[in-house]
Amino acid sequence: MVDSALIAHTPLFAALPPGALASIAHAARARQLTRNDVLFRQGDEATELFVVESGRVAIATRSEDGRESLITLMEPGDLFGEMGLFDGIRSADARALEPSVVVVVPYEPVREILEQQPRLLWEVVRLLTARLRAVDEALADTVFLDVPGRTAKRLLDLAGEGDEFQLPITQEELAGMVGASRERVNKAIAQFVRLGWLEQQDRVYRIKDREQLTRRAR
């Protein structure tokens, strides 16, 4: 059994009554991961969903020749793996980017609660809608933004509200998120540094001109 507070703060489970929440927490377990541990692969059978307690998990797809494209990063409090509730198949890979702890929630008690309280399915719909919107936005970025524009947008996403941040992924993984080669992404970052919009020291970045970087990301 795990602490129900973490589960209760996820969009999918926030509306659950205390009894149902306790049932989910009782069935859940914590799992510790080291960097590059794989939770699941695209095409695997899906039987459980996950909530990140600490660390970061990358959701990614792979091409036939083995190239990886990072779709998104899951951070503490984020829930993932819910799509398999409906078709039982994993649509992407999930891999730990650093030492992490995830809460593993089996599908069966979730399905039982959804059958007992079908109105909660609207929470699943909202969650899946948000995923689809994120995919639509990523596709639009690929069409309408060049590599420097996509690089600026990903750096702003990774920075969040702060101006200084440590890149939580490798340069190769960042390139996968941008959808370009590592060389082209590094060239874009070097350009931002020359323009005085960004400072870089190894994997530590500091945004010097958020306004200009934001304009470049549009």
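Up top you'll find the structure we're talking about.
Let me begin by describing the structure that accompanies this report. Since the model is a prediction, treat every value here as computed from it, not as a measurement. (Residues numbered from 1 in each chain as written. Predicted model: local features only at pLDDT ≥ 70, side-chain atom pairs only at ≥ 80, totals over all residues. Heavy atoms only, no water.)

## Some remarks on the overall build of the chain
- Tallying secondary structure elements over the chain gives nine helices and 11 strands in all.
- Against the compact-globule benchmark of 17 Å for 218 residues, the chain has a radius of gyration of 19 Å, which places it among compact chains.
- Considered along the principal axes of its C-alpha atoms, the chain spans approximately 60 × 35 × 30 Å.
- Here the chain holds 218 residues, and 43% of them are scored as buried.
- Long-range contacts, defined as pairs at least 24 residues apart, comprise 69% of the intrachain contacts of the chain with a sequence gap of at least 6.
- For the chain, the accessible surface area stands at approximately 11,900 Å², while carbon and sulfur atoms represent 50% of it.
- Distance between charge centroids for the chain: 5 Å, based on 28 positive and 34 negative side chains. (Helix = DSSP H or I, 4+ residues; strand = E, 2+ residues; numbered from the N terminus. Rg over C-alpha atoms; globule rule 2.2 N^0.38 Å. Buried < 20%, exposed > 50% of the residue type's maximum accessible area, 1.4 Å probe, protein only. Contact = heavy atoms within 4.5 Å. Areas by Shrake-Rupley, 256 points an atom, 1.4 Å probe, with all protein chains shown as cover. Lys, Arg positive; Asp, Glu negative; His and termini not counted. Charge placed at Lys NZ, Arg CZ, Asp CG, Glu CD.)

## Comments concerning the packing of aromatic side chains
- Within this structure, the stated rule accounts for five aromatic pairs.
- Ring geometry for Phe 40 against Phe 80: centres 6.3 Å apart, planes inclined by 45°, an arrangement best described as tilted. Taken together, the positions of Phe 40 in strand E2 (residues 38–40) and Phe 80 in strand E6 (residues 79–80) put the pair 40 residues apart, joining distant regions of the chain. Of the two residues, Phe 40 and Phe 80, both sit in the buried class.
- When the ring centre of Phe 40 is taken as reference, the NZ or CZ atom of Arg 90 above it lies at 4.1 Å. (Phe/Tyr/Trp six-rings, centres within 6.5 Å; stacked < 30°, edge-to-face > 60°. Lys NZ or Arg CZ within 6 Å of the ring centre and 35° of its normal.)

## Describing the packing of helix H6 (residues 147–159) against helix H8 (residues 182–194)
- Running from N to C, H6 and H8 point in directions that differ by 75°, and their axes come no closer than 9 Å. Considering their axes alone, H6 and H8 lie roughly perpendicular with respect to each other. Of H8, the residues touching H6 (which contributes Val 147, Pro 148, Thr 151, Ala 152 and Leu 155) are Arg 184, Val 185, Ala 188, Ile 189, Gln 191 and Phe 192.
- Within the contact of H6 with H8, the residues separate by chemical class into eight nonpolar, two polar and one charged. (Axes fitted to C-alpha atoms, helices over the stretch in contact; angles between N-to-C directions. Parallel < 35°, antiparallel > 145°, perpendicular 65-115°, else oblique. Nonpolar A, V, L, I, M, F, W, Y, C, P; charged D, E, K, R; others polar.)

## Looking at the pairing of strand E3 (residues 48–54)
- The buried count for E3 comes to five of seven residues, which makes it a mostly enclosed element.
- Looking at chain direction, E3 and strand E8 (residues 100–106) are connected through six bridges and run antiparallel. Bridge pairing in E8 links Glu 48 to Pro 106.
- Note that E3 and E6 share two bridges and pair antiparallel. Residue Val 51 lies in a different strand from E6, and its bridge partner there is Leu 79. (Pairing = 2+ DSSP bridges.)

## A few points about the pattern of salt bridges
- All told, the structure shown has 15 salt bridges when counted by the stated rule.
- Among the ionic pairs, Arg 126 bridges to Glu 123, the shortest N-O distance being 2.8 Å. In this pair, Arg 126 and Glu 123 both sit in helix H5 (residues 121–144), three residues apart, roughly one turn of the helix.
- Between Lys 153 and Glu 137 there is a salt bridge, with the nearest N and O atoms lying 2.7 Å from each other. Here Lys 153 is found in helix H6, whereas its partner Glu 137 is found in helix H5, with 16 residues between them in sequence. (Salt bridge = Lys/Arg side-chain N within 4 Å of Asp/Glu carboxyl O.)

## As for helix H7 (residues 171–178)
- For H7, the buried fraction is high: seven of the eight residues fall into the buried class.
- Among the residues of H7, Gln 171, Glu 173, Leu 174, Ala 175, Gly 176, Met 177 and Val 178 are the ones counted as buried.
- Two residues or fewer past H7, Gly 179 is found with a positive phi of approximately 85°.

## Thoughts on the nonpolar core
- Ranked by internal contacts, the top residues of the largest apolar core, which has 29 residues, are Leu 73, Phe 165, Ile 169, Leu 174, Val 185 and Phe 192.
- Not counting the four nearest positions on each side in its chain, Val 185 is found in contact with Val 147, Thr 151, Leu 174, Ala 175, Val 178 and Ala 180.
- Within the second largest apolar cluster, 24 residues are counted, among which are Val 2, Ile 7, Val 110 and Leu 120. (Core = buried A, V, L, I, M, F, W, Y, C linked by side-chain atoms within 4.5 Å.)

## Some remarks on the sheet that holds strand E5 (residues 68–74)
- Taken together, the four strands give an open sheet; going across it, the order is E2-E7-E4-E5, and neighbouring strands pair in antiparallel fashion. Strand pairing shows two members of the sheet lacking a second neighbour, E2 and E5, which therefore form its edges. Geometrically, the sheet is characterised by an average inter-axis angle of 30° between neighbouring strands, direction not taken into account.
- In terms of strand pairing, strand E4 (residues 57–62) meets E5 through six bridges, oriented antiparallel. Residue pairing across strands places Arg 62 opposite Glu 68, the latter belonging to E5.

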